[in-house]
Each structure stands twice: as structure tokens, then as C-alpha cells.
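Descriptive analysis of the structure
Listed below are the residues making up each chain.
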Amino acid sequence: MNQNDQESRDLRRVNLDTTLVESSETLDPNELPDEEICLNVSSLSLHYGEALALKDISMKIPRQRVTALIGPSGCGKSTLIRCFNRMNDLIDGVRIHGRIELDGTEIHDRNVDVAQLRRQVGMVFQRPNPFPKSVYENVAYGLRLTENLPKSELDDRVEWALKSAALWEEMEGRLKESALGLSGGQQQRLVIARAVAVKPSVLLLDEPASALDPLSTLKIEELIAQLKSDYTIVIVTHNMQQAARVSDYTSFLYLGELIEFDSTANIFLNPSKQQTEDYITGRYG
Amino acid sequence: MSLGSWIKSGDPWIWMTASAVGACIVAVLGLLGLIAVNGLAHFWPADVVSLRYKNDLGEFILAGEVVQRETISRDQFLEASPNRGNVDGAEFERWMIKSGNRKFDPPDFRWIFEHEVVEQQKNEEMIVFERAEWGNAYGTLVAIRERGAEIASSYSWDELQDRIGRVEQLRNQARKIQKGSINRINYKLEQLRLEEQRRNLREEERIAKLERNQERLSQLSDAERSRLLTFNIETADLEERRRKLNDEYGLEELRLRNIHGQLDRDEIEIKIADGRTISIGLRDIIRAWQPNKMSIGQKIAHYFSSIWVFLSQDSREANTEGGVFPALFGTVLMVLLMSVLVTPFGVIAALYLREYAKQGPFVQLIRIAVNNLAGVPSIVYGVFGLGFFIYLVGGSIDDLFFKAAQPAPTFGTPGLMWASLTLALLTVPVVIVSTEEGLTRIPNALREGSLALGATKAETLFRIVLPMASPSILTGVILAIARAAGEVAPLMLVGVVKLAPTLPIDGNFPFLHLDRKFMHLGFHIYDVGFQSPNVDAARPLVFATALLLVLIIIALNLTAITLRNRLEARYRGALI
Ligand SMILES: Nc1ncnc2c1ncn2[C@@H]1O[C@H](COP(=O)(O)OP(=O)(O)O)[C@@H](O)[C@H]1O
Ligand SMILES: [Mg+2]
């Protein structure tokens, strides 16, 4: 390692340090008491047909914190996050071994209602996917499925959800407009509002800002910071600055394996694995 | 530029493709133009010319409309009239004259050669009479007679029109009685007959059951036994109702006879071209007009009223005269029923294939089979419809629910329902294919978005997938309609007739009579054009009917296309 390399790495460290100041007090996730664990993953393996995509993953995701999943493209981040609301059930030929407990209940149990689980574990995808309906109907979609709310309460919930997603001010007069006419950033916040409206306890965000411009990305990050007091958030991101800015905990995945899971401060300032250090310092791009 | 490099440049290819498209457009427009011109010309009140012409057979006087002019070569001329070789000329113009007056001055269409015409004039007083039978009559009015006695204002055109108006009113009254109350009474009488038959069957069944039950019979006294075994049904109430209906019938019949008596009151005398005077009962005359006297405005008014008559009235004279309303009605109703049947069927099949079935070689095989089904000749569907729907399904329905009517079949015979079902079967592949196409255009991200909110698969289908697929579904229905509305061959086997006595919808419960036979424009064209005894008289109607059929298909399509475009605009941007 030559002088220049060392310098540039230090520079990065410094950058990360400044963003990490606030969250540096978080504890080691593996030592948290049980009641602070929201999702408990143990020995989780997943095959797509014959191909192994996740290999023996165990991690405890803390309640009402932001946990980031980082790792190079194709390492299984999406696959893992989609396990938490059983979206992988929809794919032919997927086999899952191991356990995932949500608040102490195994989500693969026979008597778990998948629809109910998904209402509890909301999900936002990489590309905004608003339904071709009005803004209002998009937010009300999940509510109409189960809760038979009277019109006024439905209105209130829609307003509340849009406020939670920091979208109310922009959308107040445009509720009847088609959601397809919104900008990408607005669409993504609308999708978050849609997920929040059904009052989940967990929010899964799979690269929620990767298709957005920097300003919209900033808004999403601010939103995550607001939401974390009410929700357990799991966010996949390939942007390490973002992981450092928004998350309390970070796990690093590589080729389907969980390499390291720790407080974000530790991962970025003091990784215990060489692979983690190589990745965050940019050795694998 | 050399030829080689010109070919290389791709220009010839553009020219070739463009001219192929051009040829198609010319062919379609030419076809439509031919149909439109011929069909629409029929309704124009053409002038009546009076002609004197002379040839080797003698001298003739003729009055009529010139319906066609053509030039023929000398060879053709000689072939048509071999003993007129002494006439000079390389080309000859000949006219087809519609001289009408069938029955007293046949034939009603004749060709004459222009060079044989000696004198030609237009008589202002010439009247065209549209008769209920035997086509038009041409002549001038000589007298109007009421109950045999000539009336004072005998030659008045207005008087004639008034009296024709009166006859029309009477005729409408008669039709109303015939199609309204008499039809209703007949229907009720038939229902009564069926009810009695049902009671008979029930009684026979009761006795047969008792006879099989020897044990019970042996316990009965002789008197009791013979009482129970005697055929005995209560029909007093039916008789009472029947008597009432028959009384009503008698009353209506009396009214009808009265009207017919009134219809016979007036008679006119006309002088036809050859100078003879002919008398015609006014009841036989539907309309009369004086084309040579009409202003252009009057002609236009007459033109549109003729078109209206064509659209709104029943046909007469073995379909060669009058309107096409029953056929129009039958076609539209059948197509609508077909759409109602084919849409859910096709959509559900496509949903299964695309959304539920595990994709693999088996599903692919089904898909190929469905695609190929669209290529099966339509007459095969007709045969299938006849064998399966009518004989098997319809026969079973009759055995189960319409026993009383037997041996006359109710559903075990061609009818509206089977025709619609057969065409639905014929067009279902189109709907399946285009629905499937629509389903593949819906991004998976939206399905996942819905599922991630806790929707079940069915909820996702109904709330997201189906609405978004609706433009494609409609496209399928449009194609299905286009195919079904023009189909004739299978219909001839499963429900279409030359002349249906009643419409499939009327005021008698259950209002829509799926078991009835119906008329259809496509078959009407075939029937009028090829089965009618008077080809020349029928020809314009063939074109007019063809034009109407094309217009209906276009109208049905345009409606569906507008609807489709509106839906598509809503989902544009969300589809792949
Ligand atoms: N539906 C699928 N079928 C088969 N293999 C898949 C499927 N989805 C993802 N994979 C594979 O699983 C691995 C992990 O993918 P993914 O979880 O999408 O990675 P990441 O989100 O980290 O980029 C990749 O090798 C990918 O090719
Ligand atoms: Mg991914």
C-alpha cells in the first residue's frame, strides 16, 4: 500500500466520521436484550432452484432502528430483504431453510397469514411503482383491502400517511390526479406513504433512492430519519455514504454470506473483518 | 446513379412496400365505394322516362327508370341478338329499364338498345306506385273509385295521397293487432297447451308409479284401486282461461276483419305505357310519387324516407322488397349476446393461462392449440354447434325442462342462443390471445406492489391486473365482433333463417327469447342475392344490405375502439 492510497482512505474515513457522530452510541446488535429484537434471523439459507443465494445467515434486527444491508451487486441483499415479508414465495423454485422470527413468531409457520404478515412488514421497491390510479387511491389501496373505514376516517388516514411521508403539502390539492403524473421522487414518497398507511411495524426499503436524483434522495433520507422512531426499518443500499448517514446498524453481505453485522459506527470506523474494510474503502467498487 | 446502387440504397424496397399498401387501400376503398354507390343509388327517386323504340320484332312503348347503362362490343351485340346483323356500328349502348308493372306487363326489367329508341320523353304526370306485392307499377292516374263508384275529385294527386295515408293507417292498425294482441293471445294459448300437457305427464307418471308399487295396490279395495288408477286431471281452470282467450281472439279477429273490409274500399285506375287501363286496389299500394315533377328538395326528402323504410320495416316479397329491420335487429342482438358470452369466457381462460398456470411446455401446448383454433374454418364450428350444442345440450335441456312441448323441440333446434354460443366459441381464441398479451404488458412491479400491501392474488387480479388489462380485453372483443358480425356459414346451421315470424325480443315474458330463430344481414344478402326469383329487382338490395352490414360492423368497432382508447389513455405510462 503506497502513501497516496493511505491518504485517500484516511480522507474517506474523515468524511464518514463526520456523518457518524450522532449514531455512534449504538450498541452491539448481538448483545441487545430480546425485547429490543424485531426480526431474528437464524441460519437462513435460500436456493433459487439449484443456485445458492443466501448461505446460513443469522442476524438480529433491532426494533425501531434503521438497519442497512450493504454489499456488492448480486450478493443477495434483495433476496434477503424479500425474505422478511415472504415476497420470495412468489418465485417458482425458491427453497428456504432456517428461521425468521418477527416479534418471536416464526413467519414461515403454517398458521401465519401471508397477507397479514405483509401488512405488518411493508415494502418499498427500487423503482417507484405507483398504481395507475389517483394519488388518493394509491394511499387508500391497502386500507380498502381490509379495513372498511368510513369515508371521513379514510380521508384522515390518507392525510396522515401522506404527512408521514412528507408529501402532504405537495399533494394536498392534487389527490385526485393520477399518480403517474408525479415526479420520480414524489412517486417514491407516495409509495412509502402507501406502505405506511396500513400501519406496519417494519418497513423494508430496497434501494429506495437509487433511481432518484440527489435532491429527491436527500428527501427520502430525511424521511427515513423521521420514520425510524415509529418503525423498524431495513434498508438496502449500494451507497455507503447513505448507509452511514441513515442507519444505526449495518450488515455487510458478500456472495450470499453475512460477513459482518454491527453498529454502523463500528462497521465504518472499525470493521473487524478484512473483507468489510476492503469493501467500504472501495476495493470492490 | 447505377441500377445496382439504386437497389442497394433500399429505395426500391420502400417503393414496393408502399405500393403494396397502396394497392390494399385502393382495393378496400374500391370495394366500399362500389357497395356504397350501388346500395345508396337504389333509394333515389329516379325520373321515369317514356320510350318508343323499334326493332325487327316491332314497335314498342315503354315507361320506366333507367337503372343501368353500358356499352357493349359488336360481338356481344350479335350474340345477344343474332338476327340483327344488318345494323352497323362497332359499339352499342344499351340501357336496362325497370318498367315494373309485373303481373300485367311483364317482364319488369328489360334491356333496350339506344339506337332503337325512336322517341323519348318525360311525362310530368307519371306516377311510381310502390306495391305491397309485385314490385313497382308505373302509370298515370285515371280515376279513383270508392266502393266501385268514381269520386268527384278523381284526378287529384292530393286526394290520392290522402287515401294512401288512410290505407297506411289502417294497415298499421292491422299490423298492431296481428303482432300485438293476436300474437300475445297465441303465445298464451300455447302456454296453456303446455300447462295441460305438463299436467298430463304428471298424472301419467303418478299412475305409472302406483302401478309399480304392487304392495300398496294390494292393500287397496277394488273401488279405491280403480279410482286411483284412473287418469284424472283438473283442467277446468285451463278451459276457463282458454275460453276467455278464445273470446278475446274472436274479438281481435273481428276488428281485423273490419279493418280489412275498410282497406278494400278504394280502388284506382291507372293508364300504363302501352295505353291500357289497369285497376289496382289501393290496399296494395304502399307509396306513390311523381318523380318527374319532384323538386330536388322533395327528392332528397324522399330519398331519406326510403332509407328509413329500408332500416325500419319488415321485408316483403321473399325479402326482395321492403326493409331489413328484422335482419338488422337479429345481427346486432346476436353479436351483443356473443360478446357477453365470449368476454368472461376468454378472459377467465387467459387469466388462468397467464396468472395461475405454471408456465411450461404443457401450457405452451395449450396456447398453440388455442391459437390454431382461430384458424379452423367457420363451417366446422357450425357443424360442431349443431351436433354438440343443439342436439346434445339442447336435446338434454328439452328432455329435462321442456318435456311438455315435445315432440316439438324448444332448445333442441337451431336458435339465437346456440348461434351466439357457436360464434362465441369461434371467437374465443381471439379474446384469449389478446387478453394474454395485455396481461404480459402489466409490469410485475405493480403486482408485487399490491401483494406487498397485503393483497391476495385474487385481490391483485381484480383491483390492479384486470383493470389494466381492460384495453387489451376490449381489443380482443373488437376483433371478435368484427369476425362474428360478418360470419354467415356456421349461422346457417345453428339458427339463422330466411324469414323469422317474430323478433327474438317482444312483449311476452321472458321478453328475450333465446330459443327463437332469427334473421341475419349476412344470410339476408345471400338469400336475396342468390335465392330470389327476381335477380334484377333484388340486386340493389343486395348492395344496400351489404353496405348496412359493413356500416354496422364499423359502428360496433368504433364504439369499442373509442372505449378502448379511453381506457388505454388512463393506463398509458404504467404498461410495459
Ligand atoms: N428470481 C431469481 N431467480 C434466480 N436467481 C435469482 C433470482 N433473483 C436473484 N437471483 C440471483 O440471486 C443472487 C442475489 O441476487 P439479489 O438478491 O438480487 O442481489 P442484490 O440485490 O444484492 O444485487 C444473484 O446471483 C442473482 O442472480
Ligand atoms: Mg437488489
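Everything quoted here is computed from the prediction, not taken from an experiment.

**Observations concerning the overall build of chain B**
- Scanning chain B from terminus to terminus reveals 17 helices and 13 strands.
- A globule of 576 residues ought to have a C-alpha radius of gyration of about 25 Å, yet chain B, at 33 Å, is considerably larger.
- Dimensions of chain B, computed from C-alpha atoms along their principal axes, come out at roughly 110 × 90 × 45 Å.
- Per-residue burial over chain B gives 44% buried out of 576 residues.
- Pairs at least 24 residues apart make up 70% of the contacts formed inside chain B by residues separated by at least 6 positions.
- Total accessible area on chain B is roughly 30100 Å²; 61% of this is exposed by carbon and sulfur atoms.
- Distance from the positive charge centre (64 side chains) to the negative charge centre (66 side chains) of chain B: 6 Å.

**Remarks on the overall build of chain A**
- Broken down by element type, chain A carries 11 helices and 10 strands.
- Going through the 285 residues of chain A one by one, you find that 53% of them count as buried.
- When contacts within chain A are restricted to residue pairs at least 6 apart in sequence, those whose partners lie at least 24 apart make up 69%.
- Accessible area of chain A: about 13000 Å², with a carbon and sulfur share of 45%.

**Observations regarding the domain arrangement of chain B**
Residues and elements named next belong to chain B.
- Under the domain assignment, chain B is made up of domain 1 (40-147 + 268-309), domain 2 (153-264) and domain 3 (321-574).
- The C-alpha-based centres of domain 1 and domain 3 are spaced at 45 Å.
- Taken together, the contact pairs 10 residues of domain 1 with 10 residues of domain 3.
- For the pair domain 1 and domain 3, the summed buried area comes to about 780 Å², and 60% of that belongs to carbon and sulfur atoms.
- On inspection of domain 1 and its partner domain 3, the count reaches zero salt bridges.
- If you look at where domain 1 meets domain 3, you find one residue pair in polar contact (both at pLDDT 80 or more).
- Along the lines of polarity and charge, the residues of the side of domain 1 that touches domain 3 split into five nonpolar, three polar and two charged.

**Description of the nonpolar core**
- Counting 79 residues, the largest nonpolar core has Met334, Met338, Met468 and Leu521 of chain B as the members making the most contacts within it.
- Each of domain 1 (40-147 + 268-309) and domain 3 (321-574) of chain B contributes no fewer than three residues to this core.
- Contacts of Met468 of chain B, omitting those with residues within four sequence positions, involve Pro132 of chain A together with Ile442, Leu446, Tyr571, Ala574 and Leu575 of chain B.
- Formed by 49 residues, the second largest nonpolar core is a distinct cluster that contains Trp168, Leu175, Ile233 and Phe252 of chain A.

**A closer look at the sheet that holds strand β6 (residues 121-124) of chain A**
All names here are of chain A.
- Sheet architecture is open: six strands sit in the order β6-β7-β8-β3-β9-β10, paired in mixed fashion. In this open sheet, the two strands that pair with only one neighbour each are β6 and β10 (257-263). The average undirected angle you get between the axes of adjacent strands in this sheet is 15°.
- In terms of strand pairing, strand β3 (residues 66-70) meets strand β9 (residues 249-254) through four bridges, oriented parallel. Paired with Leu69 across the strands is Ser251, a residue of β9.
- Across the sheet, helix α7 (residues 184-197) touches β6 and β7 (202-206), and the angle it forms with β6 is around 170°.
- The strands that helix α8 (residues 214-227) touches are β3, β7 and β8 (232-236); relative to β8, the one it contacts most, it runs at about 150°.

**A closer look at unusual backbone geometry**
- The amide bond that connects Pro106 of chain B to the next residue, Pro107 of chain B, takes the cis arrangement and shows omega of -5°.
- Position of Pro107 of chain B among the secondary structure elements: in the loop between β3 (91-98) and β4 (109-113).
- One non-glycine residue with positive phi stands out, namely Ser43 of chain A, at about 45°.
- With respect to the helices and strands, Ser43 of chain A occurs in strand β1 (residues 37-48).
- Its relative accessible area of 39% is what places Ser43 of chain A among the partly exposed residues.

**Here we look at the site of ligand 1**
Residue and element names in this part refer to chain A.
- The immediate surroundings of ligand 1 are formed by Tyr48, Ala53, Ser73, Gly74, Cys75, Gly76, Lys77, Ser78, Thr79 and Ile91.
- At 2.7 Å, a backbone N or O of Gly74 approaches an oxygen atom of ligand 1.
- Between ligand 1 and Thr79, the relevant distance is 2.4 Å, taken from an oxygen atom to a side-chain nitrogen or oxygen of the residue.
- Broken down by element, the residue count for the shell around ligand 1 peaks at three residues, all from helix α2 (residues 77-83).

**A few points about the interface of chain B and chain A**
- Listed by partner, the interface residues are 21 residues for chain B and 23 residues for chain A.
- Each partner contributes to the roughly 1800 Å² buried at the junction of chain B and chain A, and carbon and sulfur atoms together form 65% of this total.
- Inspection of the region where chain B meets chain A yields one salt bridge.
- Among the salt bridges present, the one from Arg82 of chain A reaches Glu448 of chain B, with a minimum N-O distance of 3.0 Å.
- For the side of chain B that touches chain A, the secondary-structure elements that each account for two or more residues are α13 (444-452), α14 (457-485) and α17 (535-571) of chain B.
- The leading source of residues in the side of chain B that touches chain A is α13 of chain B, at seven residues.

**Looking at helix α16 (residues 521-531) of chain B**
All names here are of chain B.
- Buried residues dominate α16, accounting for eight of its 11 residues.
- Of all the positions in α16, only Leu521, Gly522, Phe523, His524, Ile525, Asp527, Val528 and Gly529 are classed as buried.
- Looking at the packing, one finds that the buried side of α16 touches β12 (315-316), α9 (325-356), α15 (489-494) and α17.

**Quick notes on the sheet that holds strand β5 (residues 105-106) of chain A**
- Across the sheet, which stays open at both edges, the four strands sit in the order β2-β1-β4-β5 (chain A) with antiparallel pairing between neighbours. The outermost strands of the open sheet, each flanked by one partner alone, are β2 (51-62) and β5 of chain A.

**Re the environment of Asn534 of chain B**
Residue and element names in this part refer to chain B.
- Mapped onto the elements of the fold, Asn534 is located in the loop between α16 and α17.
- Given the relative accessible area of 15%, Asn534 is considered buried.
- When the C-alpha positions of Asn534 and Thr427 are compared, they lie 36 Å apart, and in sequence the two are 107 residues distant.
- Excluding anything up to four places from it in sequence, Asn534 contacts Arg102, Asp108 and Phe109.

**Describing the environment of Leu69 of chain A**
- Looking at the secondary structure, you find Leu69 of chain A in strand β3.
- If sequence neighbours within four positions are ignored, Leu69 of chain A has contacts with Met59, Lys77, Leu80, Ile81, Val234, Ile235, Val236, Thr237, Ser251 and Leu253 of chain A.

Rules and cut-offs
Residues numbered from 1 in each chain as written. Chains lettered and ligands numbered in written order. Predicted model: local features only at pLDDT ≥ 70, side-chain atom pairs only at ≥ 80, totals over all residues. Heavy atoms only, no water. Helix = DSSP H or I, 4+ residues; strand = E, 2+ residues; numbered from the N terminus. Rg over C-alpha atoms; globule rule 2.2 N^0.38 Å. Buried < 20%, exposed > 50% of the residue type's maximum accessible area, 1.4 Å probe, protein only. Contact = heavy atoms within 4.5 Å. Areas by Shrake-Rupley, 256 points an atom, 1.4 Å probe, with all protein chains shown as cover. Lys, Arg positive; Asp, Glu negative; His and termini not counted. Charge placed at Lys NZ, Arg CZ, Asp CG, Glu CD. Domains from an automatic or database assignment. Buried area = accessible area lost by both parts, 1.4 Å probe. Salt bridge = Lys/Arg side-chain N within 4 Å of Asp/Glu carboxyl O. Polar contact = N/O pair within 3.5 Å; in protein donor to acceptor, adjacent residues only side chain to side chain. Nonpolar A, V, L, I, M, F, W, Y, C, P; charged D, E, K, R; others polar. Core = buried A, V, L, I, M, F, W, Y, C linked by side-chain atoms within 4.5 Å. Pairing = 2+ DSSP bridges. Axes fitted to C-alpha atoms, helices over the stretch in contact; angles between N-to-C directions. Near = heavy atom within 4 Å.

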